[in-house]
Every structure is written in C-alpha cells, then in structure tokens.
Amino acid sequence: MRTELKYVELDNVSLTYDGGTLAVEGLTISIARGEFAAVVGPSGCGKSTLMKLITGLAPASRGNVIVAGREVAGPLKIVGMAFQNPTLLPWRTTLDNVLLPLEIVQPYKATFRRDREKHIARAEALLATVGLKGFEQRYPWQLSGGMQQRASLCRALIHEPDLLMLDEPFAALDAFTREELWAVLQDLWLQRRFTCILVTHDLREAVYLADTVHVMSARPGRVIETTTIDIPRPRTLETTFEPHFIDLVHHLRARIAQARVAA
Amino acid sequence: MSRRWQEALGPWFVVVALFVLWEGVVIAARLPSFVLPAPTEVFATLMQFAGPITQHSLHTLMTTLVGFAFSVVGGVALGAAIGASQVAYKAVFPVLVGFNSIPKVAIVPVLIIWFGIGTVPAVITAFLISFFPIVVNVATGIATLEPELRDVLRSLGASRLDILRKVGLPRAAPYFFASLKVAITLAFVGSIISETVGSNEGVGYLMLQASSRFQIPLVFAALVVVAAMGIGMYAIFAALERRMTGWATRGMDQAAYATGH
Ligand SMILES: Nc1ncnc2c1ncn2[C@@H]1O[C@H](COP(=O)(O)OP(=O)(O)OP(=O)(O)O)[C@@H](O)[C@H]1O
Ligand SMILES: [Mg+2]
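Analysis parameters
- Residues numbered from 1 in each chain as written.
- Chains lettered and ligands numbered in written order.
- Predicted model: local features only at pLDDT ≥ 70, side-chain atom pairs only at ≥ 80, totals over all residues.
- Heavy atoms only, no water.
- Helix = DSSP H or I, 4+ residues; strand = E, 2+ residues; numbered from the N terminus.
- Buried < 20%, exposed > 50% of the residue type's maximum accessible area, 1.4 Å probe, protein only.
- Areas by Shrake-Rupley, 256 points an atom, 1.4 Å probe, with all protein chains shown as cover.
- Lys, Arg positive; Asp, Glu negative; His and termini not counted.
- Charge placed at Lys NZ, Arg CZ, Asp CG, Glu CD.
- Pairing = 2+ DSSP bridges.
- Axes fitted to C-alpha atoms, helices over the stretch in contact; angles between N-to-C directions.
- Contact = heavy atoms within 4.5 Å.
- pLDDT = per-residue confidence, 0-100.
- Parallel < 35°, antiparallel > 145°, perpendicular 65-115°, else oblique.
- Left-handed = near helix turned anticlockwise from the far one by under 90°.
- Nonpolar A, V, L, I, M, F, W, Y, C, P; charged D, E, K, R; others polar.
- Phe/Tyr/Trp six-rings, centres within 6.5 Å; stacked < 30°, edge-to-face > 60°.
- Patch = residues over 30% accessible without salt bridge, like charges linked within 9 Å, V, L, I, M, F, W, Y side chains within 5 Å.
- Salt bridge = Lys/Arg side-chain N within 4 Å of Asp/Glu carboxyl O.

Trainee: Describe the overall build of chain B, naming the residues involved and giving the relevant values.
Mentor: Per the secondary structure count, chain B includes 11 helices and zero strands. Start at the N end of chain B and walk to the C end: the helices and strands fall as α-α-α-α-α-α-α-α-α-α-α. Counting only C-alpha atoms and orienting by the principal axes, one finds that chain B spans roughly 75 × 60 × 30 Å. With 261 residues in all, chain B has 44% of them scored as buried. Carbon together with sulfur atoms contributes 71% to the accessible area of chain B, which is approximately 13,400 Å² in total. Between the centroid of the 16 positive side chains of chain B and the centroid of its 11 negative side chains there is a distance of 4 Å.

This is the structure in structure tokens:
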C-alpha cells in the first residue's frame, strides 16, 4: 500500500486519561482511503478510545494521529458517527433527526433553509435504502430498536462524510436484525465507498463487513494483528457458512483469547 | 363509576371531606371563632368581604406574575449558561445554593429599606424565591446531554451555540416546564411574605391587617383564596407542561427530573 493512499494513520500513539488510566500505548494502525476496517479486542482495551483519537475528540498524550494527510489537533469536522445507543432526539421526527447534520455542517448549514426540499428528498431516499420508507414522520420512540439504529446510520451518512465511525452500532440488537443491518451497511458502503471504521465484539460481523480486521491487545491497547479479509463482495449470509469465513472467525477468536490471557 | 370519573372527582371529594371534618371539629370542640372559625363562617366572611379580597388578591397576582416573569427570563439565561459550561456550573453553583438557603423573610426588611414599602420588594422577593428551581432545572436538562450525542455533534463541527440551540435547550424544555409549576407557587408565596412584612396592598397585607384587628375569619377567608389561587396557577402550568413536552413522557425517563425544591 502506497503512503498517499493512507487515510487514517496512528503512529505509536498513547493516551492517558485524566484519572491516570493508560488506555492505549504504542498504538500503530493505518487505514486506506475507502477501506472498511474493523477493530476487535477484549472489553476495555481502548477501542472507543481509538475512535476518539481518530475523530480528535480526545487528544493523544504521545504520538501522531493523521487523518486525510493532516495531523489531528481538534475534533474533525465532518465525520459521521453512530454508537450502540442510537441517541436520536425524541422531540424530532425520524426525518428531522436525519436532517440534523445538515443544519450543522458547512456548506449545507448556510443554505439549509433554501435547499430544504432537496435535502428532504435526499433524506427520504436514504431512509428508503435502509428500509424506513413510510416512517419519516414517526418519532424515535415510536420505532423499534433496529429501526432507530437504521435511522442513526442515516443521520451519520446524510452529509456524505468521508469517514464513518461506528462504535458497536448493532450490539444491542437481536441476531436477525443485526444480520439484516450488515447487508444494509455493506450496500451503503459499496455505493458510496467512504472510509469506515467499525468497532465490534462480534467477530462474524467484523469478517462479514471488513476489508481488514485489527485485533487489539488488552489494556493498554495496541494493535497486535491485522488480518486481511479476502472474501469477495457483496458478501451474503450464505458467505458466513463457507469454510474460509469460518476459518477467519476462528483465527480471530484464537488471537483475542490470547490477548485476554496476556492481560 | 368509571376510572376517569373517579380521577376527576377525587380531588373535589377530598376538599369537601376536609371542610366537613374542619366544621365537625369546630362544632364538637366548641372552638370560638377567634381561634378557629368554621368553614361556613369563613365562606360567609368571604362573601361579605368579596370586594376587598378580590382587589387585594389581584394585586398579589400581578406582583407574583411580574416577579415570576423576571425569574423565567433570568433563570433560563443563567441555567443555559451554567448548563453549557462545566466551569461556570462549578463556579456559580455554591453561591446559588447559598442564596437559596437564605430565608427570604430575612431579606424583605432590607428590600423595604432600599425600595420603600410597596410593590417593588414583593416583586423582588417573588423573583428571588422562584429563580432557583428554574436555574437548576434548565442547567440539569442541558448538562445531562448524553456524551455520545455530544460526540456526534462535535464531530460534525457543531459549535457550543449549535449544541445549545439544537439539543441543549429542547432537551431542557421538559425540565423547564416541570420547574415552572413549582416556581409559580413559590413566587406567590414570596410576594405574600413580602406583603405581610411591609406593604399597603395585597393579600398578605390584608391578612396582616385582619389579624391585628382579630378578624380571624377574614384571615382564613384570605387563606382559602390564596390556596385556591395557588392550585389554579399550578394547574395552568401543569397543563402547559403537558402540552409543550408530550414527547418527554413517552420518549424519556421522567423520573430523572430534578425539581429543585
Ligand atoms: N473518559 C474517560 N476517563 C477516564 N478513563 C476512561 C475514560 N474513557 C475510558 N476510560 C478508560 O480507558 C480504558 C479504555 O476504555 P475504552 O472505552 O476505550 O474501552 P473499549 O475497548 O471501548 O471497551 P468496550 O469494549 O467495553 O466498549 C478503560 O479502562 C476505561 O476505564
Ligand atoms: Mg467501547
């Protein structure tokens, strides 16, 4: 991989929180533009911390964080993010929740009122691709958990960010809904080819979705292995029963087991 | 009787029962009316003095509403400021608690020295006493923003003002409206306290005059009016709360509201 293709680069990064917790140490990772990367590792190993480092929400104590060729000094401005908790605003309809980033991010913000019709059409189209057609005017508390998470994904993507950060977005969902959303996310990614970083505890999810899976050690976290997933796309549920897929999952499981023992 | 009727009539039933009990005690114990007048006598007095009672009550109501208006404006402004900034919150909060702990009746004489006997000290007392719950609630509503949501907004490049406008204030709305119904009754108490200490108008003044002339039934008549007005104002703001923040009772955990008092 040539250097100019690297989109996210952390070189020997450490972060100590205020209380003195050393969350990550000597963390080195590199992710190419348009790549789908997954990060797995034992609980509390610093995965969410890694997400904060990349988005500039937490400054590195040591080492460099570079995104899109620039050193990250403060919060990046146009990232899309989604978490395990959908964090939709209960006083806004689903449609208005999805439109929220356009009211904040430039250049949309400046012309939001004027282009409102256009934005609404885009948001409706996006909601339709994740299977939420007809729910635009519902409030979040009228949606199921899976539907809320779909809406949260739309909110993370409406402003067409170059970088999508997902921190265990499907962890609270049942297995069927989760697998449905893998397909939804893969479709979106195949259409738009944003760079995506997905933190997950579900190794099947990581292998299904990612181009590369980074395994982190126990705290203080660092990347101890990077596995390339060479399964052709689009991947389907059938893929998850193929021997090669299962081998990859087994391999990752063994690595994480080692990482946990080492702690 | 259906459940709805029971709920609608329940409060009236309790009020009537209370008056009946009161009447019974007065008759049974043969209490003289300068100790405890019976409700029938209180209502007779209420009718007899309807004119002055109405006039003084309206004055108190105006005083209360003016003080309350100040505390809504000031409370939202200060609440938003300290809710949006941890530093400001920590800096201001102890002083706020200190002010709130001072019995307002102790301040009224000072206010009278400064502004003279009359409406101004009553307005200020109403303001001082109802300010705190509004500040605390607005600040709580804004400060308890989920960290993940804050991260989502910050990574969109949202400014502090964006976060406050798009999320902080709407999020604080249910807390704010919950505090209003507490604050309005407190403001009412504040203006009456001040009127009792030094004024020449208002229900507080009326009661003070009546008790100094041993017109105990008139005192009680005024108290009944005060209680009724308190219930009325509470009901109005509770209805407003339901109208404005219907989403909160469904979408969010209502038990989380701090009412301040
Ligand atoms: N804001 C914070 N202040 C202090 N310590 C923190 C903070 N956030 C995280 N930590 C600590 O840093 C370590 C790594 O936390 P992090 O949230 O990154 O883990 P994680 O890998 O995301 O865990 P999980 O898989 O359970 O979500 C933990 O020990 C945690 O206690
Ligand atoms: Mg985490």
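Trainee: Break down the sheet that holds strand β3 (residues 36-40) of chain A for me, citing the residues and quoting the values.
Mentor: All names here are of chain A. Read across the sheet, six strands follow the order β6-β7-β8-β3-β9-β10 without closing on themselves; strand pairing throughout is mixed. With one partner strand each, in any of the chains shown, β6 (79-83) and β10 (223-228) form the two edges of the open sheet. This sheet shows a mean twist of 15 degrees between the axes of neighbouring strands, independent of strand direction. On top of the sheet, helix α4 (residues 145-157) reaches β6 and β7 (163-167); it is set at about 165 degrees to β6, its chief contact.

Trainee: Residue-level account of the confidence of the model for chain B, with values.
Mentor: Residues and elements named next belong to chain B. Of the residues in chain B, 95% have a pLDDT of 70 or more, and the chain-wide mean is 89. Contacts of residues 251-261 to residues separated by more than four positions or lying in other chains number 23 contacts, the stretch itself having pLDDT below 50. Among the scores for the predicted complex, ipTM is 0.84 and pTM is 0.82.

Trainee: Please set out the side chain of B:Arg171 residue by residue, giving values where relevant.
Mentor: Mapped onto the elements of the fold, B:Arg171 is located in helix α8 (residues 160-197). Judged by its relative accessible area of 6%, B:Arg171 is buried.

Trainee: Quick one: what's the story with the packing of helix α4 (residues 86-101) of chain B against helix α6 (residues 119-143) of chain B, residue by residue and with numbers?
Mentor: Geometrically, a packed helix pair is captured by the angle between its two axes and the distance between the axes. All names here are of chain B. Where α4 contacts α6, the two axes come as close as 11 Å, and the packing angle between them is 155 degrees. Considered as vectors, α4 and α6 are oriented roughly antiparallel to each other. In the crossing of α4 with α6, the sense of the turn from one axis to the other is left-handed. Residues Tyr-89, Phe-93, Leu-96, Val-97 and Asn-100 of α4 touch α6, and the partners they reach there are Phe-131, Phe-132, Val-135, Val-136 and Ala-139. Class assignment of the residues belonging to the contact of α4 with α6 gives a composition of nine nonpolar, one polar and no charged.

Trainee: Please provide a residue-by-residue account of the packing of aromatic side chains, values included.
Mentor: Each pair of aromatic rings is reported with the distance of its centres and the angle of its planes. All names here are of chain A. Counted under the stated rule, the structure contains 12 aromatic pairs over all chains. Ring geometry for Phe-36 versus Trp-189: centroids 5.7 Å apart, planes at 70 degrees, classification edge-to-face. Taken together, the residues span a long stretch of sequence, with Phe-36 in strand β3 and Trp-189 in helix α5 (residues 175-192) at a distance of 153 residues. Residue Phe-36 shares its accessibility class with Trp-189, and that shared class is buried.

Trainee: Would you mind going over a nonpolar patch on the surface in detail, with residue names and values included?
Mentor: A cluster of nonpolar side chains, namely B:Val110, B:Ile113, B:Trp114, B:Phe115 and B:Val120, defines an oily patch on the protein surface of about 550 Å² accessible area. With respect to the element layout, B:Trp114 can be found in helix α5 (residues 104-115).

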